[in-house]
Each structure stands twice: as C-alpha cells, then as structure tokens.
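Understanding the architecture of this molecule
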Amino acid sequence: MNKHYDALALFSGGLDSVLACKTIQDQGLSVLGLHFISPFFGKPHLLERWSRVYGVEIVPVDVSEKYVEMLRDPANGYGKQVNPCIDCKILMLSHARTLLPQYGAKFLISGEVVGQRPMSQRRDTLNQIRNTAEVKDVLLRPLCALKLEPTPVEESGLVDRERLLDIGGRGRKRQLELARGKYGFKEIPTPGGGCLLTETESAGRFFQVLKHHPAPGLSDFRLSNQGRQLWAGDHWLAVGRNKDDNDRLRELAAPADYLFDVVGFPGPVGLGRPMPGRAWSPEAVSDAAAFVASYSPKAVASGRPVRVAAMRGPNRREIVVAPCRETPLGWAEPDTEGLKEWKVERAGLRNPLS
Ligand code: SF4
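Given the structure is predicted, the values throughout are model-derived calculations rather than measurements.

Attention shifts here to the environment of Glu65. Looking at where Glu65 falls in the secondary structure, it is placed in helix H3 (residues 64-72). Here Glu65 falls in the exposed class, since its relative accessible area comes to 58%. When the C-alpha positions of Glu65 and Ser38 are compared, they lie 8.0 Å apart, and in sequence the two are 27 residues distant.

Here is the structure:
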C-alpha cells in the first residue's frame, strides 16, 4: 500500500512548484510531489536530488501516451511555439486527481501564479483550467490563493487561508525572497521546469512531425528528439551524432522505417521514416543513403562510391552511392517557418464558425 499524504502537488522542479509545496508543508501537512514525464519535459534523474535539497518527496508520473494524443490537436491551441499550455495544465490536473485515492490525499496544489504568464495564468484561464480539469473542489493554488476566491479546501478548514500567499504578476522578487530568506535554499531553481515545446529549436523538430504526420504517436516524438534531424518535404531522416544516438535509432526503428548503415567504414546510423502509406521511391532511398554516407569521414575520404546497407523490416539490400550532402531531395534541418500560418489553419479547422 502507498504511503498516505494530505496533498499531491504538481512538481515541475521550477521555483514556484517548490514554494507551493513548502507553503503547505509549513501548515504541518504532508505533500507528495508529482513530477510529470513525457518526451517534452521531465527530469526523473533529478528527483532524488530535489527531494534532498527542497525536502519534498517526489514521484515520477509518466503521461507520455495521453500527452502525445492531446498535443496532436489541443482544444485550446498552442502558445508561442508548439506548447499547448492550457491543455497541458488541464491534463496534468485531471491526471493528478485520479491519483488522489491511491495516496489517500485530500487535495491538489499547483504553483501557478495569477498574471504570471500571458496565456495560461490569466485569472479567467486559471478558472477555465480548474473547471475543465474538474478539480474545482480539490485544487488549491497556495502562492496566489489570497488573490483568488476561497476554495473548498480552505473553506473546509483543511488549510488555513490566513497562511497562504498573495503573489501575483510577472515579477519574481517575492519568490526569490522566500527561497533565499525564509527557506534558505542553497540552490535556487530556475523559474520554469524546462519544457522543450517552448524552445525554438526543439519546437522546429516537433512542428515538422505535427505538420506532416496525420496522427503522430509517441515513437514519432521520441524519434524527433534523437540525433540530427533532416526533412525534405514529408521525407524524414534522423542521423546519429554519436554512439548513443545510433543505438537509440536502432531501437526506435519500426518495421516500415528504413535503417541505413555505411558498409566497410565507421559511420552514423540513419533512420528514414515514411509517413503512413507513403513508402519512399527507390530514388529517395538512394538519396538518403548518399546523405547518411556523407557523415562518414572515412567513406568521404575514400573518394569513391561506397556501399550503404538499407534495411526495412527483415529486408536488407546494399546500395552503392557517392557520399553527398547536397542531394536532389535537398535535406534541411527543421525550423519553425510557417508555424504561425499552420496554427491559424488548425484553429480554423477546430472552430470552423469562428
Ligand atoms: S511550458 Fe510545457 S510543461 Fe509548462 S504548461 Fe506549457 S506545455 Fe506544459
């Protein structure tokens, strides 16, 4: 049986999530941090350290499958990059609610601060998130509670409202004072939890998958996080940058994928993933093979055509190609060009009458 706690906390590892836990612990209540994991966020390797440094017990909670499903078409759209912050919060809170019985916990806490983020932390959005996640009766936001209406958690006497906080807005002064002064943390966590969906470079990788794949799955987003990414139209190629990448690409290869390996020379592994029902032409396969071979310095230095094994499921054949970076397909690294227009189009499909 799991140990019981008074509250479960959304624990990203960012400063606000830490302070929300401490504020409730200060009332003599026990808190378990839930650290959500997906291909886009989550640092499970830091849990032990965070527990020690901040004095909060934390468990990892993997929501990858349901997260990817939501990311394909979030009801409330994306933020600046491909971050679906509103639906992300809804998903985390509603998932956390399902865990309350398992830990005998009575309420949820989150480190949200009203007015801190333009999209997901406006007062009306905080209410929308709470209502859609169906956590109105159990959610408490300790850092900004005094700026919000009293919650059932406070009204029932479970938590003393007088000892909650009234932080609001974008500034971080109050949080830093608490972290350094009241709690004497030697390490001040960064404001956010580090989400790849908000970072331009990673967003470019995920955008291509969302744009070209009709129903991307977990394996697609895992692949988009691995190695050097290249796209040519809807042709997708990942090339290993080191041994770890190469091993991982082999693991990620699905039966319909093309796995490229330079024969007779050390070189990277390449993984070509066709979109569903769109097998590559023989020319495209040779093109990708030549491109992968161009990352083998010894193959290039040989100055002659080389053999590349192209494997697809149980089938293996060797292709002779001249290593080349400038191929007819024109492989290019992913970026976010066209992201804005794509989002507008998606929003139109979601709400055809707006
Ligand atoms: S930044 Fe990432 S983890 Fe944070 S709410 Fe937005 S989508 Fe979710």
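In a packed pair of helices, the relevant descriptors are the angle between the two axes and the axis-to-axis distance. Packing of H3 against helix H4 (residues 85-99) brings their axes to within 10 Å, and their N-to-C directions diverge by 150°. The pairing of H3 with H4 is recorded here as roughly antiparallel in orientation. Here the hand of the crossing between H3 and H4 comes out right-handed. Taking contact as the criterion, the partners of Lys66, Tyr67 and Met70 in H3 are, on H4, Asp87, Cys88, Leu91 and His95. Residues that form the contact of H3 with H4 fall into these classes: four nonpolar, one polar and two charged.

This part takes up the pairing of strand S2 (residues 31-37). Most of S2 sits inside the fold, with seven of its seven residues counted as buried. Where burial is concerned, the two faces of S2 agree: the one with Val31, Gly33, His35 and Ile37 and the one with Leu32, Leu34 and Phe36 are both buried. Examined bridge by bridge, strand S1 (residues 7-10) and S2 share four bridges and lie parallel to one another. Across the sheet, the residue bridging to Leu8 is Leu32, located in S2. The parallel pair S1 and S2, bridged by helix H1 (residues 15-25), forms a crossover whose chirality is right-handed. When S2 meets strand S3 (residues 57-62), the two strands line up parallel, connected through six bridges. Counted as the bridge partner of Ile37 is Asp62 from S3. Once you follow S2 into helix H2 (residues 47-54) and on to S3, the crossover reads as right-handed.

To continue, consider the sheet that holds strand S8 (residues 258-262). Strands sit in the order S6-S7-S9-S8-S10-S11 across an open sheet of six strands; the sheet is antiparallel. Each edge of the sheet is formed by a strand with only one pairing partner; in this case those strands are strand S6 (228-232) and strand S11 (315-321). Strand-to-strand twist of the sheet, defined as the mean angle between neighbouring strand axes without regard to direction, takes the value 25°. Across five bridges, S6 lies against strand S7 (residues 235-239) in antiparallel orientation.

The next thing to look at is the environment of Gly270. Here Gly270 lies in strand S9 (residues 269-273). Note: C-alpha distance between Gly270 and Trp50 (220 residues apart in sequence) is 37 Å. Here Gly270 is in contact with Leu237, Ala238, Val239, Tyr258, Leu259, Phe260 and Val292, once residues within four sequence places are set aside.

How each quantity is defined
- Residues numbered from 1 in each chain as written.
- Predicted model: local features only at pLDDT ≥ 70, side-chain atom pairs only at ≥ 80, totals over all residues.
- Heavy atoms only, no water.
- Helix = DSSP H or I, 4+ residues; strand = E, 2+ residues; numbered from the N terminus.
- Buried < 20%, exposed > 50% of the residue type's maximum accessible area, 1.4 Å probe, protein only.
- Axes fitted to C-alpha atoms, helices over the stretch in contact; angles between N-to-C directions.
- Parallel < 35°, antiparallel > 145°, perpendicular 65-115°, else oblique.
- Left-handed = near helix turned anticlockwise from the far one by under 90°.
- Contact = heavy atoms within 4.5 Å.
- Nonpolar A, V, L, I, M, F, W, Y, C, P; charged D, E, K, R; others polar.
- Pairing = 2+ DSSP bridges.
- Right-handed = clockwise from strand over helix to strand, strands pointing away.

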